[in-house]
Amino acid sequence: MSDQVQEILDVPREFVKDGLQFINRCQKPDKKEFLKISQAVGVGFLIMGAVGYFVKLVHIPLNGILVGGA
């Protein structure tokens, strides 16, 4: 019985231990790295916005033709 309780208590301890190791190894990005990440995210936003705009641009006339023609 005591072994089972010990086993159950070991799981959260291991989780906390692994989490603390991860946090301690992490570091804040420097200015150069931060700017690179920000640029990549910005380009992603622009590309996804352009794709969404293009899909909407094509969808509205297509929908009008399909619904109007029926």
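- Going by an unreviewed UniProt entry, the protein carries the name SecE/sec61-gamma protein and comes from Coniochaeta hoffmannii.
- The annotation that UniProt attaches to the protein under Subcellular location (unreviewed entry) is "Endoplasmic reticulum membrane".
- Turning to the protein, the UniProt annotation filed under Sequence similarities (unreviewed entry) states: "Belongs to the SecE/SEC61-gamma family."

1. Re the overall build of the protein
So, step 1. Check the secondary structure of the protein and you find two helices and zero strands.
So, step 2. Taken over the C-alpha trace, the protein has a radius of gyration of 26 Å; the compact-globule value for 70 residues is 11 Å, which it surpasses by more than 25%.
So, step 3. Taking the principal axes of its C-alpha atoms as reference, the protein extends roughly 75 × 45 × 5 Å.
So, step 4. When each of the 70 residues of the protein is scored for burial, the buried share is 0%.

2. Considerations on the UniProt feature "transmembrane region" (unreviewed entry) in the protein
So, step 1. Per the UniProt record, "transmembrane region" (unreviewed entry) is found at residues 34-55.
So, step 2. Across residues 34-55 one finds 100% helix and 0% strand; the C-alpha atoms that close the span lie 32 Å apart.

3. Quick notes on the pattern of salt bridges
Once the charged atoms of two side chains with opposite charge are near each other, the side chains can pair.
So, step 1. By the definition in use, this model includes one salt bridge.
So, step 2. Where Asp 10 meets Arg 13, a salt bridge forms, and the shortest distance between an N and an O atom there is 3.5 Å. Of the two residues, Asp 10 and Arg 13 are both situated in helix H1 (residues 2-25); the distance of three residues between them amounts to about one turn of the helix.
So, step 3. Asp 10 gets classed as partly exposed once you look at its relative accessible area, which sits at 33%.

Basis of the calculations
Residues numbered from 1 in each chain as written. Predicted model: local features only at pLDDT ≥ 70, side-chain atom pairs only at ≥ 80, totals over all residues. Heavy atoms only, no water. UniProt positions renumbered as here; feature names shortened; annotations may be inferred. Helix = DSSP H or I, 4+ residues; strand = E, 2+ residues; numbered from the N terminus. Rg over C-alpha atoms; globule rule 2.2 N^0.38 Å. Buried < 20%, exposed > 50% of the residue type's maximum accessible area, 1.4 Å probe, protein only. Salt bridge = Lys/Arg side-chain N within 4 Å of Asp/Glu carboxyl O.

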